[in-house]
Amino acid sequence: MTKILVVGSGATGVHFALTALQRGHDVTMLDVGHTKPRAAQRIANFNELKSDGGDPARYFLGEQFESVVFPGSETDYYTKYYGVPPTKSYVFKKPAAFESEGQGFEPLISFAQGGLAEAWTGGVYPLNDDELRPFPFDYREIGPYYDVAAERIGVNGEADDLGRFYPVHANLAAPLRLDPHSEQLLGQYQKRARTLNQRYRCYLGRSRIATLTKPKDGRGGCVYCGRCLWGCPALALYTPSITLRECLRYPNFAYYPGTYVSHFTTRGRRVESVVVRTSDASDLQSIPVDRLVLAAGTLCSSKIFLESMLRATGEVVKLRGLMDNRQVLIPFLNLRMIGQAYDPESYQYHQLALGIEQEAKEEYVHAQITTLTSAMIHPIIANVPLDLRTSTFVFRNVRCGLGVVNLNLCDRRRDDNYVTILMDKSRDHTTLYMHYIPTPCESTIIGQAVKTVTRVLWELGCIVPPGMVHIRPMGASVHYAGTIPMSAEVQSLTTSSEGQSHDYENLYFVDGTTLPFLPAKNITFTLIANAIRIAERAF
Amino acid sequence: MLPDSLDAECRVFTRYFIGEEPSPYVMQKYRQAHAVSPVLAACPVTRFDIVSLGLVHRFPSLVGLVDAYTSAFRKQALVRAKLILLLSLLEVSAPSYRHFDTPEPCSRVRLAALLVWRGLLSVATLLLAALLLRPIDAMCRGEATLRRPTNTHAYPDVKLSEATWAMTAEPVEELTAVAHEPARVG
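It should be emphasised that the depicted structure is a prediction, and the values quoted were computed from it without experimental measurement.

**Q** Can you help me understand the overall build of chain B in this one?
**A** Within chain B one finds ten helices and zero strands. Starting at the N terminus, the α and β elements of chain B follow one another as α-α-α-α-α-α-α-α-α-α. Taking all 186 residues of chain B together, the buried fraction comes to 51%. Pairs at least 24 apart in sequence give 77% of the contacts found in chain B among residues at least 6 apart.

**Q** What should I look at first to understand the interface of chain A and chain B in this one?
**A** Often, the extent of an interface is quoted as the loss of accessible area upon association of its parts. On the side of chain B, 43 residues touch chain A, which itself brings 45 residues to the contact. At the boundary of chain A with chain B, total buried surface from both sides reaches about 4,000 Å², with 63% on carbon and sulfur atoms. Residues Lys29 of chain B and Asp55 of chain A are paired through a salt bridge, measuring 3.1 Å at the closest nitrogen-oxygen approach. The tally of links between chain A and chain B comes to 20 residue pairs in polar contact (both at pLDDT 80 or more). If you tally residues by element for the side of chain A that touches chain B, the top one is helix 10 (residues 388–398) of chain A, at ten residues. Classifying every residue of the side of chain A that touches chain B gives 24 nonpolar, twelve polar and nine charged.

**Q** What is the right way to look at the side chain of Ser262 of chain A in this model?
**A** By secondary structure assignment, the location of Ser262 of chain A is in strand 8 (residues 259–267). Filtering out sequence-adjacent residues up to four positions away, Ser262 of chain A remains in contact with Val275, Val276, Ile304, Glu307 and Arg311 of chain A.

**Q** Would you explain the pattern of salt bridges in this entry?
**A** Where charged atoms from two side chains of opposite charge approach closely, those side chains can pair. Residue and element names in this part refer to chain A. Applying the stated criterion to the full structure yields 31 salt bridges over all chains. The partner of Arg270 in a salt bridge is Glu505, and the shortest N-O contact between them spans 3.4 Å. Here the residue Arg270 occupies a position in strand 9 (residues 270–278), and Glu505 occupies one in the loop between strand 21 (470–471) and strand 22 (507–509), the gap between them amounting to 235 residues. Among the ionic contacts, a cluster of salt bridges with common partners joins Glu141, Glu498, Arg533 and Arg537.

**Q** Can you walk me through the sheet that holds strand 2 (residues 26–30) of chain A in this structure?
**A** Paired through their backbone hydrogen bonds, the strands of a sheet run either parallel or antiparallel. All names here are of chain A. Strand order in the open sheet made by the five strands is 7-2-1-11-22, with parallel pairing throughout. Sheet topology places strand 7 (253–256) and strand 22 at the edges, where each strand pairs with a single neighbour. Neighbour-to-neighbour, the strand axes of this sheet turn through a mean angle of 20°, independent of strand direction. Where strand 1 (residues 3–7) lies against strand 2, five bridges are found, and the strand directions are parallel. Counted as the bridge partner of Lys3 is Asp26 from strand 2. Sheet strands in contact with helix 8 (residues 298–313) are strand 1, strand 11 (291–294) and strand 22, and its direction is about 155° off that of strand 22.

**Q** Please clarify how the sheet that holds strand 9 of chain A should be interpreted in this entry.
**A** Residues and elements named next belong to chain A. The three strands are arranged 8-9-10 in an open sheet whose pairing can be described as antiparallel. Two strands lie at the open edges of the sheet, namely strand 8 and strand 10 (284–288), each paired on one side alone. The average undirected angle you get between the axes of adjacent strands in this sheet is 30°. In the sheet, strand 8 pairs with strand 9 via eight bridges, with the strands oriented antiparallel.

**Q** Would you mind going over the pairing of strand 11 of chain A with me for this structure?
**A** For a regular strand, the rule is simple: side chains alternate between the two faces of the sheet. All names here are of chain A. Of the two faces of strand 11, both are covered, the one formed by Arg291 and Val293 as well as the one formed by Leu292 and Leu294. Of the strand pairs in this sheet, strand 1 and strand 11 are connected by four bridges, and their pairing is parallel. Residue pairing for strand 11: Leu5 is matched across the bridge by Leu292. Relative to strand 22, strand 11 is paired through three bridges, and the arrangement is parallel. Bridged to Leu294 within strand 22 is Phe509.

**Q** Can you help me understand the environment of His57 of chain B in this one?
**A** Residue and element names in this part refer to chain B. Secondary-structure assignment places His57 in helix 4 (residues 47–58). On the basis of relative accessible area, His57 is assigned to the partly exposed category, the value being 25%. Residues His57 and Ile136 lie 79 residues apart in sequence; the distance between their C-alpha atoms is 16 Å.

**Q** Sorry if this is basic, but what is going on with the nonpolar core here?
**A** Grouped together as the largest cluster of nonpolar side chains are 71 residues, with contacts concentrated most on Phe60 and Leu61 of chain A together with Phe13, Phe17 and Leu85 of chain B. The greatest single-element share of this core, amounting to eleven residues, is contributed by helix 6 (residues 78–92) of chain B. One finds Leu132, Tyr145, Tyr238 and Phe253 of chain A within the second-largest nonpolar core, a separate group that totals 54 residues.

**Q** Help me understand the packing of helix 5 (residues 63–72) of chain B against helix 8 (residues 108–140) of chain B in this model?
**A** Two measures define how a pair of helices packs: the angle their axes make with one another and the distance between the axes. Residue and element names in this part refer to chain B. Two numbers describe how helix 5 lies on helix 8: the axes approach to 8 Å, and their chain directions differ by 80°. In terms of axis orientation, helix 5 runs roughly perpendicular to helix 8. Facing helix 5, whose interface residues are Gly64, Leu65, Val66, Ala68, Tyr69 and Ala72, helix 8 presents Thr125, Leu126, Leu128, Ala129, Ala130, Leu132, Leu133, Arg134 and Asp137. In terms of residue class, the contact of helix 5 with helix 8 is made up of eleven nonpolar, two polar and two charged.

**Q** What is the right way to look at the side chain of Ser96 of chain B in this model?
**A** Residue and element names in this part refer to chain B. Structurally, Ser96 is set in the loop between helix 6 and helix 7 (98–101). A distance of 2.8 Å separates the side chain of Ser96 from the backbone oxygen of Leu90, its partner in a polar contact. Leaving out residues up to four positions away in the same chain, Ser96 has contacts with Ile18 and Leu90.

**Q** How should the pairing of strand 1 of chain A be read in this particular structure?
**A** Across the five residues that make up strand 1 of chain A, a large majority, four, are buried. Remark: the strand 1 of chain A/helix 1 (residues 11–22) of chain A/strand 2 of chain A crossover connection has right-handed handedness.

**Q** Before we go on, may I ask you to explain the packing of aromatic side chains in this structure?
**A** Two aromatic rings, taken as a pair, are described by how far apart their centres are and by the angle between their planes. Here the structure, examined in full by the defined rule, presents 27 aromatic pairs over all chains. Three or more aromatic residues joined by ring pairs make a cluster, and in this case those are Phe46, Tyr59, Phe60 and Trp230 of chain A. Seen from the ring of Tyr418 of chain A, Lys318 of chain A lies directly overhead, with NZ or CZ sitting 4.5 Å from the centre. Across the ring face of Phe393 of chain A, the terminal group of Arg118 of chain B is positioned such that the distance to the ring centre comes to 4.3 Å.

**Q** When you look at the environment of His169 of chain A in this model, what are you seeing that I'm missing?
**A** Residues and elements named next belong to chain A. With respect to the element layout, His169 can be found in the loop between strand 4 (155–156) and strand 5 (172–173). C-alpha separation for the pair His169 and Ala150, spaced 19 residues apart in sequence, amounts to 8.0 Å. Every residue in contact with His169, bar those within four places of it in the chain, is listed here: Pro126, Tyr139, Tyr146, Asp147, Ala150, Val155, Arg208 and Phe525.

**Q** Sorry if this is basic, but what is going on with the confidence of the model for chain B here?
**A** Low-pLDDT portions of the prediction should not be read for the details of their coordinates. All names here are of chain B. Looking at chain B as a whole, its pLDDT mean stands at 78, while 74% of the residues score no less than 70. Helix 5 holds the highest mean pLDDT among the elements of chain B, 96, whereas helix 10 (residues 172–178) holds the lowest, 34. Contacts from residues 148–186, a stretch scored under 50 in pLDDT, to residues over four places away or in other chains number 60 contacts. If you check the scores for this complex, the pTM reads 0.89 and the ipTM reads 0.84.

**Q** What is the right way to look at the state of the cysteines in this model?
**A** By definition, a disulfide links the sulfur atoms of two cysteine residues through a covalent bond. Under the criterion given, the structure shown has zero disulfides over all chains. We note that Cys232 of chain A lacks a disulfide partner, and the nearest cysteine sulfur, in Cys225 of chain A, lies 5.9 Å from it. A residue is classified by how much of its surface remains accessible, and Cys232 of chain A, at 18% relative accessible area, is buried. Not part of a disulfide, Cys106 of chain B finds its nearest cysteine sulfur in Cys400 of chain A, a span of 15 Å. According to the relative accessible area criterion, Cys106 of chain B is partly exposed, its value standing at 26%.

How each quantity is defined
Residues numbered from 1 in each chain as written. Chains lettered and ligands numbered in written order. Predicted model: local features only at pLDDT ≥ 70, side-chain atom pairs only at ≥ 80, totals over all residues. Heavy atoms only, no water. Helix = DSSP H or I, 4+ residues; strand = E, 2+ residues; numbered from the N terminus. Buried < 20%, exposed > 50% of the residue type's maximum accessible area, 1.4 Å probe, protein only. Contact = heavy atoms within 4.5 Å. Buried area = accessible area lost by both parts, 1.4 Å probe. Salt bridge = Lys/Arg side-chain N within 4 Å of Asp/Glu carboxyl O. Polar contact = N/O pair within 3.5 Å; in protein donor to acceptor, adjacent residues only side chain to side chain. Nonpolar A, V, L, I, M, F, W, Y, C, P; charged D, E, K, R; others polar. Pairing = 2+ DSSP bridges. Axes fitted to C-alpha atoms, helices over the stretch in contact; angles between N-to-C directions. Core = buried A, V, L, I, M, F, W, Y, C linked by side-chain atoms within 4.5 Å. Parallel < 35°, antiparallel > 145°, perpendicular 65-115°, else oblique. Right-handed = clockwise from strand over helix to strand, strands pointing away. Phe/Tyr/Trp six-rings, centres within 6.5 Å; stacked < 30°, edge-to-face > 60°. Lys NZ or Arg CZ within 6 Å of the ring centre and 35° of its normal. pLDDT = per-residue confidence, 0-100. Disulfide = S-S within 2.5 Å.

Here it is, written out as structure tokens:
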């Protein structure tokens, strides 16, 4: 039995911890752990909440109307990326001790209980052997852990045309009921699949989603209330805080929220203690370590490591190879859906996915198709280049046909892109600094991908309004990885295939820091599976 | 005076958007937003904002022209921020949210014709708005901001909102004269 100290309660931290607990280890979890505010939990659909006599403006817009997207406020930290509702703003709240800045990289960082995946959209896509080639293991090794992860979180989907890109793992539940627009698009694809496959090497099918369709382990099945973004009242949409609650049932688990880990101290090649700042004490405190597992997310784990290296060696290190998926948003209008009424009793997030095959198979382009169901619509209306009243008229008549394709491109580790820390001698803490330069050929790749998607959408009866394609800044996808990669060779600033640091023998990384390559697919499912794999193999 | 005047503004905007009177809930929330929203409190107030809000208060039928003009040329104007605030309140409140959900009950051909007609009408409104408001805007440009933005994370400053209202309530004739005076900081 080992005593394990885990930093962070995100998707990797809680799944690592749960496996370690099941194996009989003592686990202590340190976490800043901002908590979810109380919100309407009763099962009611999006529109019922507006008319039930409560205070809908408070629920949808916030106490201080912080979710109203005023002109110019789109540059605000939250609205720039998601237009995060009041119930989710805690996910991006930062402690005072943490500072970051970047060049060419604008990250989202979470210190919430459950981490960034508390605000995710539930896309789960296992990697295939082409994508795992740069990893020190293949699908045969990680496959069983995808099965375990799927069983724990609840994944629905289908073995369809996209099976050529996503291996079909065990514990895949039948898919959710499609909303009318997604159903129409899938029907159109099925009629024209052969042309689209041959001409564009494009395939379309059901998304794999971490949402229960039937009740399981105290969680309800999806009730199609359209409130995924606001926080699923049935807990059907998986978030890591659900697994944290499961960990808390184990007597060999101790959880310390309100604890910000600054760095660790070392003696020779071993970590001796972690140094923390707690919310109820201003002084730093030291906690002895047997084995330390960093699961704070790529950027925060990197910062803890960098700060520790600085204190141990006096050297400011650069962790090279920072990766993130470039995301491109392609809004579209399905002409066949114009004038139809929208159904508020729909699943809110993406239900369809799209894949475009490339010459190099690991460079597969992945996209999620989100049809507009329930959503705050004033930001959309304000972006239509007409007066607000006409925009409202146009919007309500085309609403049912609106959607967006969220295109993701893969990324590779390059020396140009790194994280490091900046020191300010007048203060007692450091600033995390991220530097990112895209590859020179990126714009060509984006252009080709956008052209392909636009043509595919046209074949499906949709148009892409000119000038509306939006290339999101690096950092927006929240798929950060690659700063301390797994390596078969033993060298500094890398880990073993089990996430064990090659610099400190009792230090492990179980989050995205260790990925040697970032495929276009959302990585959370792979990170969960890998964290379970490490807990089983190394502990 | 402040709540009554904000109520009048809320009524004008609601009639403009949905052709109905606002519910008491929407009016209460509109007032509350002006008191507590840090973003609204931090909105810089320019001469143009004073003139455009003054126009809307004195001549409610001109709200369409002000909306068209600010949508095209003054996207960050205070009046547009207020219109967007009201849109957000209408879309989350019953029964007004239905105005954002329900398409016209007509055939697709008729709907297409309606969309084209409304588009043309919108362009015509914009042209008229430009004719009327462009000279006023030109006069206002170059004038200093009357209230500079405060820190957006600061605690809501109700006094600033009152000051905003005090300025917007001034008659248009007086405002035109004020526009040539040295800038005041509210």
